[in-house]
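Now for the letters of each chain:
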Protein chains: 2
Amino acid sequence: MDIEEFRKAGYDAIDRICEYYYSLREYPVVPQVQPGFLKKALPNTAPGAGEPWSNIVDDYTKLILPGLLHFQHPLNFSYFPIQSTFAGTLGDLLAGSAPTPSLSWFVGPASTELENVVMDWAAKMLGLDRVFHVESNIGGGVIQTSASESMLVSVVAARTRYLLAHPMTPIESLLIYVTSQTHSCGRKAGLVLGLNVRVLDVDEPTRVGGGLDAETLRVALDEDHAAGLAPFVLITTVGTTTSGAVDNVADVGALLKTSYPDVWMHVDAAWAGVVLACPEYRERAQLAGINAYADSFCTNFHKWGLVNFECSALWVRDRQRLIEALEYTPPYLRTKQGDAGDTVEYRNWHLGLCRRFRSLKMWFVLRSYGLNGFQGYIRNCIAMNHMFAKQVCATPSFELVSPPSFALTVFRIVPRAGAPNGTANKLNRVFYDALLARSSEVLLTQTELGGVFCVRFCVGSSRTTPADVEDAWNIVCEVGETVRARFGKGLPN
Amino acid sequence: MDIEEFRKAGYDAIDRICEYYYSLREYPVVPQVQPGFLKKALPNTAPGAGEPWSNIVDDYTKLILPGLLHFQHPLNFSYFPIQSTFAGTLGDLLAGSAPTPSLSWFVGPASTELENVVMDWAAKMLGLDRVFHVESNIGGGVIQTSASESMLVSVVAARTRYLLAHPMTPIESLLIYVTSQTHSCGRKAGLVLGLNVRVLDVDEPTRVGGGLDAETLRVALDEDHAAGLAPFVLITTVGTTTSGAVDNVADVGALLKTSYPDVWMHVDAAWAGVVLACPEYRERAQLAGINAYADSFCTNFHKWGLVNFECSALWVRDRQRLIEALEYTPPYLRTKQGDAGDTVEYRNWHLGLCRRFRSLKMWFVLRSYGLNGFQGYIRNCIAMNHMFAKQVCATPSFELVSPPSFALTVFRIVPRAGAPNGTANKLNRVFYDALLARSSEVLLTQTELGGVFCVRFCVGSSRTTPADVEDAWNIVCEVGETVRARFGKGLPN
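Residues numbered from 1 in each chain as written. Chains lettered and ligands numbered in written order. Predicted model: local features only at pLDDT ≥ 70, side-chain atom pairs only at ≥ 80, totals over all residues. Heavy atoms only, no water.

In the nomenclature of an unreviewed UniProt entry, chain A corresponds to Pyridoxal phosphate-dependent transferase from the organism Vararia minispora EC-137.

1. Focus: the sheet that holds strand β9 (residues 408-413) of chain B
Residues and elements named next belong to chain B. Basically, it comes down to this: Pairing between two strands requires that DSSP report at least two bridges joining them. Helix and strand definitions here come from DSSP, where helices need a minimum of 4 consecutive H or I residues and strands a minimum of 2 consecutive E residues; each element is numbered from the N-terminal end. To get an axis, fit a line to the C-alpha atoms, keeping to the stretch in contact for a helix; angles then go from 0 to 180 degrees between the N-to-C directions. Two residues qualify as a contact provided that any one of their heavy atoms is within 4.5 Å of a heavy atom in the partner residue.
Across the sheet, four strands lie side by side as β8-β9-β11-β10; this open sheet has antiparallel pairing. At either margin of the open sheet sits one strand with a lone partner, and together these are β8 (398-400) and β10 (445-449). Looking at each pair of strands side by side, their axes are set apart by 45 degrees on average, direction ignored. As paired elements, β10 and strand β11 (residues 452-458) share five bridges and run antiparallel to each other. Across the sheet, the residue bridging to threonine 447 is cysteine 454, located in β11. Sheet strands in contact with helix α15 (residues 421-436) are β8, β9, β10 and β11, and its direction is about 35 degrees off that of β11. Its contacts with the sheet put helix α16 (residues 466-486) on β8, β9 and β11, and the angle it makes with β8 is roughly 120 degrees.

2. What to know about the domain arrangement of chain A
Residues and elements named next belong to chain A. So the rule is basically this: Start and end points for every domain follow an automatic or database-based domain assignment. Accessible area, probed at 1.4 Å, shrinks when two parts are joined; the buried area is that loss added up over both.
In terms of domains, chain A is made up of domain 1 (3-67), domain 2 (93-366) and domain 3 (380-487). On a C-alpha basis, the centres of domain 2 and domain 3 stand 32 Å from each other. Across the contact, 18 residues belong to domain 2 and 18 residues belong to domain 3. For the domain 2 and domain 3 pair, buried surface summed over both sides reaches about 1300 Å², with 71% attributable to carbon and sulfur atoms.

3. Quick word on the interface of chain B and chain A
The criterion, for reference: In protein, a polar contact means a hydrogen-donor-capable atom and an acceptor-capable atom, both N or O and within 3.5 Å, with residues adjacent in sequence counting only if both atoms are side-chain atoms; elsewhere, any N or O pair within 3.5 Å suffices. Under the scheme applied here, ten amino acids are nonpolar (Ala, Val, Leu, Ile, Met, Phe, Trp, Tyr, Cys and Pro), four are charged (Asp, Glu, Lys and Arg), and all others, including Gly, are polar.
Taken together, the contact pairs 140 residues of chain B with 141 residues of chain A. At the boundary of chain B with chain A, total buried surface from both sides reaches about 12600 Å², with 68% on carbon and sulfur atoms. If you sort the residues of chain B by the area they bury against chain A, B:Phe6, B:Tyr332 and B:Arg367 come out on top, with a joint share of 7%. Viewed at the interface, chain A and chain B are joined by 64 residue pairs in polar contact (both at pLDDT 80 or more). In terms of residue count, the dominant contributor to the side of chain B that touches chain A is helix α1 (residues 3-22) of chain B (15 residues). Here the side of chain B that touches chain A is composed, by residue class, of 77 nonpolar, 38 polar and 25 charged.

4. Some thoughts on the packing of aromatic side chains
As a reminder, the rule being used: Pairing of aromatic rings covers Phe, Tyr and Trp, the last counted by its six-membered ring, and requires centre-to-centre distances within 6.5 Å; plane angles under 30 degrees mean stacked, over 60 mean edge-to-face, and any other angle means tilted. Each residue is assigned to one of three classes by its accessible area relative to the maximum for its type, calculated with a 1.4 Å probe on protein chains only: buried under 20%, partly exposed between the two thresholds, exposed over 50%. A ring is scored as having a charge over it whenever the NZ atom of a lysine or the CZ atom of an arginine sits within 6 Å of its centre and within 35 degrees of its normal.
What the rule picks out here adds up to 51 aromatic pairs over all chains. Between A:Trp271 and A:Phe406, the ring centres sit 6.2 Å apart and the planes meet at 70 degrees, which makes this aromatic pair edge-to-face. With A:Trp271 in the loop between β5 (264-268) and α10 (287-293) and A:Phe406 in the loop between β8 (398-400) and β9 (408-413), the pair connects residues that are 135 residues apart, well separated along the chain. For the pair A:Trp271 and A:Phe406, one class covers both residues: buried. The interplanar angle of 55 degrees and the centroid separation of 5.8 Å between the aromatic rings of A:Phe398 and A:Phe431 together place this pair among those described as tilted. With A:Phe398 in strand β8 and A:Phe431 in helix α15 (residues 421-436), the pair connects residues that are 33 residues apart, well separated along the chain. By relative accessible area, A:Phe431 is classed as buried at 0%. The ring of B:Phe406 carries the charged tip of B:Arg284 above its face, separated from the ring centre by 5.2 Å. The ring of B:Trp363 is capped by B:Arg367, whose NZ or CZ atom sits 4.9 Å from the centre of that ring.

5. Notes on the sheet that holds β5(A)
All names here are of chain A. Strands sit in the order β1-β7-β6-β5-β4-β2-β3 across an open sheet of seven strands; the sheet is mixed. Because the sheet does not close on itself, it has two edges, and the strands there are β1 (140-144) and β3 (196-200). Going from strand to strand, the sheet's axes swing by 20 degrees on average, the running direction of each strand aside. Sheet analysis places β1 next to strand β7 (residues 312-316), joined by five bridges and oriented antiparallel. Of the residues in β7, the one forming a bridge with glutamine 144 is serine 312. Helix-sheet contacts for helix α7 (residues 184-193) involve β2 (174-179) and β3, and the interaxial angle to β3 is about 160 degrees.

Put into structure tokens, the structure is as follows:
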């Protein structure tokens with residue numbers, strides 16, 4: 001493909017994207033396909049000779065697009081959002097057209113410095129303390145691919161810091177603390193690093209929605225220390241996946257600082273961290289606790305922050321803790337500027353070596369929306385979620401399982417009075433399966449909270465309107481009625 | 001930005017990319033900027049109100065592009081290549097416009113199956129045994145972000161397999177084996193996982209360019225076993241970063257199989273693995289050894305394989321070893337298809353959870369180039385490197401430091417006869433610094449091989465022509481002459 005052929009193919013690709021967004025509402029939210037559908041449609045070896053571009057891209061439109069779950073669909077209320085904004089798309093396009101692996105300042109002067117600048121913009125927008133800004137020269141921000149990677153990097157830095165202070169600690173006694181609502185990547189960090197994980201239960205029925213408190217943490221820490229174990233990192237969450245719960249970061253942080261200062265506190269706000277851009281949510285989202293005590297803080301701009309996937313923002317209080325954990329520089333990576341130490345060498349701030357130029361799309365989004373536009377979008381999502389939650393509360397056959405949190409509502413069908421939880425779960429599984437049967441129209445996801453099976457509704461697509469929330473609610477009601485009617489007054493046992 | 005504004009901005013972005021490639025030769029290969037240049041040019045907070053798109057994108061052209069090291073520049077012979085082809089760029093654009101996090105088949109049916117299909121296409125193109133194909137249902141292929149991540153995943157799977165077989169092994173006794181030419185990500189895997197690394201020396205002057213042999217490995221294994229240590233993974237390399245050396249995968253694999261079957265063999269062919277697409281290089285690149293013995297094999301299509309960054313292809317002999325090491329499925333990630341076990345759930349094949357739709361660009365590239373086009377590009381790069389290496393050999397003031405390998409030549413200025421190595425290194429450092437002073441015209445990188453400071457020349461940009469190699473050689477000669485003249489006949493001490 002020469003440059004002029006690319007121009008033609010590029011315009012055509014842009015047109016296809018426009019067409020996709022014009023027709024997005026006509027796509028089923030979830031493709032109604034069966035395993036093997038695509039494999040059957042494709043040859044089983046690469047072609048010997050190159051194919052004309054139009055054949056290739058037509059196959060994209062014909063075979064691939066109809067086989068995707070459409071996260072941008074206005075009636076997608078599943079999981080957490082995954083972003084694709086036009087500004088972000090253009091940032092990714094340009095970054096990919098002149099790629100820099102940005103392993104050092106020398107290899108990517110502009111990409112390195114733009115990441116410095118944009119992460120400082122974001123830190124200020126969220127109200128993070130100056131110590132977290134790159135310009136403080138103490139801590140700083142770095143873009144990772146995912147909250148999993150951000151967490152893994154933080155746990156590695158925490159482990160290195162702990163073992164430097166306590167070099168005789170047997171690895172087998174190290175403990176990662178998570179809660180029963182920590183995202184699965186907490187347990188996965190334990191798997192990857194071969195470290196033990198202790199799960200602190202925050203799901204007892206009396207406290208659902210409350211998150212981790214200092215007393216629960218203190219009991220566990222005292223117990224493990226008495227047993228000769230070495231908890232070295234605590235993963236707290238602002239806005240858990242299961243219920244949107246918020247750990248009491250301020251209280252648990254204060255406890256760690258006073259009694260267990262060697263324990264690193266990572267704050268995983270992968271989904272909800274972006275609400276800090278709105279001053280009215282800063283108290284609920286624990287900004288003061290984060291600023292006072294977090295060793296690391298993560299929020300995914302690719303989730304609810306309008307930046308295209310992948311863009312996980314990680315800030316650390318002390319960049320040296322990352323560097324001492326992750327730096328290894330062979331001769332072929334040495335540069336004058338790196339040796340002089342007056343540049344950020346991002347390869348020492350993440351797991352790999354080379355990295356895509358992700359700050360460009362973040363810069364485009366923050367400039368294109370501005371702080372006002374960004375706040376407006378967040379507030380709008382929260383308002384639409386409150387609409388939905390109000391409907392749940394106003395309808396006797398449904399109930400909230402935990403308090404609505406930002407743009408997330410967790411609810412279920414009300415079981416018969418006095419029905420055991422097993423029966424209620426069975427009813428709600430049938431309800432969710434029936435909802436899934438309507439997944440071409442609307443998508444919500446399932447979860448469990450303290451043994452209670454329930455359904456999650458999360459607003460996040462930038463194309464969702466109040467009318468879409470209304471439509472979703474109507475389908476939920478319709479399905480709920482059908483399921484209740486099917487089981488009659490008795491409900492299943 | 002609404003859909004029509006996006007169409008306009010999209011066409012404009014495509015035009016800017018065309019303009020970039022038309023004018024690429026006019027850009028300095030390395031931007032002549034100083035640390036802080038971009039920070040100074042940008043405001044230190046995000047704007048309150050959104051800005052017009054044209055301002056934003058003009059800043060990209062004015063401030064960012066001139067601050068990048070241009071990996072696509074025809075006179076970039078540094079490091080290893082980083083790709084951006086037009087087909088790959090369009091794949092990335094479309095994938096980003098309808099993003100799927102592909103954490104399960106349910107969330108990305110088309111993206112999951114396309115990855116299955118394309119990784120099988122690539123496996124067949126490279127001649128990998130059927131056991132590595134997804135369609136074997138035994139092993140399979142998965143796209144990671146980087147060779148670092150591919151290696152990390154492999155080491156994690158190796159450690160899990162070893163500890164399941166030997167559960168009483170103290171973590172402190174586990175050993176990762178790398179060689180003195182293994183890429184830095186081998187040592188970094190040790191840092192990240194908190195495991196000890198033993199470096200097998202393959203750089204003694206008598207064997208430079210030879211790579212790891214079975215005898216060196218046997219001695220180390222016997223020694224460590226006698227000392228009660230537990231080597232559990234060996235990282236071999238086909239085409240090292242330092243010199244392009246190729247480990248004797250067949251011999252070391254046979255040794256492991258007979259005497260140390262619990263040791264996992266990972267083959268890192270991040271750069272050179274793509275040569276397997278050409279049958280005439282399969283023997284040199286150890287295909288038979290890989291097929292007989294490798295537990296995992298990685299090659300980066302984003303390096304020398306025409307696919308846009310990031311696209312690291314990893315194949316494993318037994319997918320269960322990945323899954324047993326990496327699977328943790330909370331209720332909110334369960335799906336009917338995943339529970340049934342008849343789909344590939346890629347979240348259990350890599351470190352994170354969500355993942356970009358990277359197979360689309362790989363599909364576009366393989367179809368657009370075809371096997372013939374792909375082979376032609378590889379052969380062309382190798383031919384151009386041989387041109388350069390021949391010039392080195394034919395010029396008395398230069399010498400090869402190791403045999404040219406595929407598209408890589410490692411060379412230096414010939415020191416005075418009988419000069420100690422320190423003097424030769426000093427001379428060559430001055431030479432490389434002088435070459436760097438011409439980095440707006442051409443870029444090569446430095447390295448060290450068994451204590452010998454030398455210069456690397458690697459062909460890989462799809463825009464490089466024989467005339468560019470000629471130009472590069474002329475600059476190298478000119479700089480070499482100047483440096484030699486400056487030091488007179490005596491050369492520095």
